[in-house]
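Residue-level structural notes
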Amino acid sequence: MRTSNFLLSTLKETPADAEVISHQLMLRAGMIRKVAAGIYNWLPVGLRVLRKVETIVREEMDRAGAQEVLMPTVQPAELWQESGRWEQYGGELLRMQDRHNRDFCLGPTHEEVITSLISNEIRSYKQLPANFYQIQTKFRDERRPRFGVMRAREFIMKDAYSFHLDSESLGQTYDLMFDTYSRIFTRLGLHFRAVEADTGSIGGNASHEFHVLADSGEDAIAVCDKYDYASNVELAEALAVGGPRPSATQSLTKVDTPDQTTIEQVSRFLKLDASNTVKTLLVHGAEGGLVALVLRGDHELNEIKAQKHPLVADPLVWATDDEIKHAVGCAPGSIGVVELSVPVIADRSAANLADFVCGANEDGVHYTGVNWGRDCAEPDVFDLRSVVAGDQCARADGNGEDDQLSITRGIEVGHIFQLGTKYSEAMNATCLDNNGKAVVMPMGCYGIGVSRIVASAIEQNHDSRGILWPDSMAPFQLVITPIGYHKSEAVKSTCDSLYTTMQEHGIEVLLDDRNERPGIMFADADLIGVPHRVVIGDKSLSNGTVEYKYRRNDAAEDVPQNGIVEFLLDRMLKN
RNA sequence: CGGGGUGUAGCGCAGUCUGGUAGCGCAUCUGGUUUGGGACCAGAGGGUCGGGGGUUCGAAUCCCUCCACCCCGACCA
């Protein structure tokens, strides 16, 4: 490609509404342009990168024996009513009507369509297992789209759905997809991590998310390298801190704590560490009424864990101040476990405390020296809190120094699920087993955020001048920057010749044949992140050399003109 | 959905408080001088000041209303 014939819409200044570096650089490099909130045009530079990602994903899915299909973006309501999600799915499902007032939606995901399709196409166990994928546009009407294509409303996703005779087969395909995803993200040159994930409302046995590690990531991940453990903080098991519960040494004492409502205020007022206090949070119970969730003062409630407790309403609903007043007789800042009239669920660490502080269910009053079993009933013990850095890894034997969790941030670019029969049952997707008996097919589903990968790769690979694409994702592998293309016949013919030769070798090469100053050409090439650059000018040609520079290196090197093709091919194959 | 903010040329912004008919830098176009890290000189084009309504002799500016976009939060797979 010659720049004279290519839309290189680079910007010198950063558009004001771009917050994260990937969004800024994608706009500056002329990869994307906003059409509406969370909806983008992909310009030639951006699309070339997107296609690179798609190609790698496609190659690896094909390699894993998955079959590519293409399903529609617009889906009839009937399918969603059949699965029950027409009512369940919230505002993210963009609904619309056609000219006959029939209901449709823009597909945010394709379980319904694929299950309906396959239930008609697959009849026999002999056709199983089968895995179908597509790379297609999804629409989710996010409440708050942000960060460019990172969290867009319209985006490109690779979604795959597998069908099985039994859960063992599902497990095998799940493992295969796990490996396939690892290969994909490795080939893309990303620094990633597979993490255990919550199965959410879909349920099922197993789920892993694949995260590109980046400080700007929206997810927190708990990691322990010693045990090769990584889990979304939403899920990561929190062990009790501080060993078995000591025996009581203090007596129950009521103390006045006027206007002290937060843990911070109370612990400062009583000159105690927050870890000697508990906080009592009231939420709606699964069967109505309220339930108390008790955590150590310095710990945070994990709502996802809490709503898994059978006594807790799912989804979790906080008690209002009025409900608390009515049930306990005080404001939220003074709730405690002594003589509390609602069921008490305590986090493991809170349950291990002795002689602790809690509210007295009376405004402005707290208890000190509280002990479980003596001053109140033994609580129902449950893992309620989010892990924090320094917590012991749940896999650890407890003897090592390096078995502590650290917290890192990630961008979710892949998610694999064992769905089970949720959709196949709702939509009656069965096949006949070898006894001629109809079996509801267990399913797996496997997603990759293709457009999100592009942004997350930039989050991980950039410098002050622009993008540092991994070679596998670069819009061009090589840029030829002439010095004096329009003045020197030698420069022009050398550049043209190298350009043609490299193209014949299948290299995607950009020849900057604009009549611009070198600084502009260098700046653009660096901005869009072409990994390999050759500069050709009269000065070096007179020495029989051309200049080569790798985008990630500071220094350039002179290469003999007659060996440049082999040199470049060697460099590109190496990467 | 709650809170906050911003809408003026393709991009970045000033002008709004204190009403007088729109400006700067970059980008674009023309001519010239330049040419190894975002040049210089001269000239040119480009804006119903987010939309609608109102006040006024006169509105980018004041008032009402709608919309869009961004940020924080809540929510959500």
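All of these numbers come straight from a predicted model, not from anything done at the bench.

Let us now look at the nonpolar core. Within the largest apolar cluster, 62 residues are counted, with the highest numbers of intra-cluster contacts made by M31, Y181, F185, L188, I453 and W469. In terms of residues, this core owes the most to one element, helix 2 (residues 44–63), which gives 7 residues. Not counting residues within four places of it along the chain, the set of residues in contact with F185 comprises L190, F192, F210, V413, G414, I448 and I453. Core analysis: the second largest hydrophobic core is formed by 27 residues, A319, V344, A350 and W372 among them.

What follows concerns the sheet that holds strand 5 (residues 95–97). Pairing is antiparallel across the open sheet formed by 3 strands, whose spatial order is 4-6-5. Each edge of the sheet is formed by a strand with only one pairing partner; in this case those strands are strand 4 (74–76) and strand 5. Each strand of the sheet is rotated relative to its neighbour by a mean of 40 degrees, with strand direction disregarded. Pairing of strand 5 with strand 6 (residues 103–106) involves 3 bridges; the strand directions are antiparallel. By the bridge assignment for strand 6, Q97 is matched with D103.

A few words on the environment of Q97. In this structure, Q97 sits in strand 5. In this structure, the C-alpha to C-alpha distance between Q97 and A77, residues 20 residues apart in sequence, is 9.5 Å. Within the local environment of Q97, its side chain forms a polar contact with the side chain of D103, the two groups lying 3.0 Å apart.

So, on to the protein's contact with RNA strand B. Neighbouring RNA strand B are 34 residues, the closest being K12, E13, R144, D526 and E547. The protein-proximal atoms of RNA strand B, defined as those within 4 Å of the protein, are 53% sugar or phosphate. Contact distances for RNA strand B include 3.0 Å between a sugar or linking oxygen and a side-chain N or O atom of K34. Between RNA strand B and E234, the relevant distance is 2.9 Å, taken from a base nitrogen to a side-chain nitrogen or oxygen of the residue. Secondary structure elements with two or more residues in the surface near RNA strand B: strand 1 (32–36), helix 14 (518–528) and strand 28 (532–537).

As a packed pair, helix 2 and helix 12 (residues 450–460) sit with axes 9 Å apart at the nearest point and diverge in direction by 115 degrees. With respect to their mutual orientation, helix 2 and helix 12 come out roughly perpendicular. The chirality of how helix 2 crosses helix 12 is right-handed. On helix 12, the residues that touch V49, L50, V53 and E54 of helix 2 are V450, S451, I453 and V454. Taken together, the residues that form the contact of helix 2 with helix 12 break down as 6 nonpolar, 1 polar and 1 charged.

Quick look at the pairing of strand 23 (residues 443–449) now. The buried count for strand 23 comes to 7 of 7 residues, which makes it a mostly enclosed element. With 7 bridges connecting them, strand 8 (residues 154–163) and strand 23 associate as antiparallel partners. Within strand 23, the residue paired with M157 across the bridge is G449.

Quick look at the domain arrangement of chain A now. Parsing chain A into structural domains produces domain 1 (3–236 + 408–458), domain 2 (253–382) and domain 3 (478–574). Contacts between domain 1 and domain 3 engage 12 residues on the former and 9 residues on the latter. A combined buried area of about 890 Å² lies between domain 1 and domain 3, and 61% of that area is made up of carbon and sulfur atoms. A per-residue breakdown of the area domain 1 buries against domain 3 is headed by T3, L8 and T10, which together make up 51% of the total. Counting across the domain 1 and domain 3 interface gives 2 salt bridges. We note a salt bridge from R48 to E508, for which the minimum N-O separation is 3.3 Å. Broken down by secondary-structure element, the contributors of at least two residues to the side of domain 1 that touches domain 3 are helix 1 (21–28) and helix 2. When residues in the side of domain 1 that touches domain 3 are grouped by element, the largest group, 3 residues, is from helix 2. Grouping the constituent residues of the side of domain 1 that touches domain 3 by class yields 6 nonpolar, 3 polar and 3 charged.

The rules behind the values
- Residues numbered from 1 in each chain as written.
- Chains lettered and ligands numbered in written order.
- Predicted model: local features only at pLDDT ≥ 70, side-chain atom pairs only at ≥ 80, totals over all residues.
- Heavy atoms only, no water.
- Core = buried A, V, L, I, M, F, W, Y, C linked by side-chain atoms within 4.5 Å.
- Buried < 20%, exposed > 50% of the residue type's maximum accessible area, 1.4 Å probe, protein only.
- Helix = DSSP H or I, 4+ residues; strand = E, 2+ residues; numbered from the N terminus.
- Contact = heavy atoms within 4.5 Å.
- Pairing = 2+ DSSP bridges.
- Axes fitted to C-alpha atoms, helices over the stretch in contact; angles between N-to-C directions.
- Polar contact = N/O pair within 3.5 Å; in protein donor to acceptor, adjacent residues only side chain to side chain.
- Near = heavy atom within 4 Å.
- Parallel < 35°, antiparallel > 145°, perpendicular 65-115°, else oblique.
- Left-handed = near helix turned anticlockwise from the far one by under 90°.
- Nonpolar A, V, L, I, M, F, W, Y, C, P; charged D, E, K, R; others polar.
- Domains from an automatic or database assignment.
- Buried area = accessible area lost by both parts, 1.4 Å probe.
- Salt bridge = Lys/Arg side-chain N within 4 Å of Asp/Glu carboxyl O.

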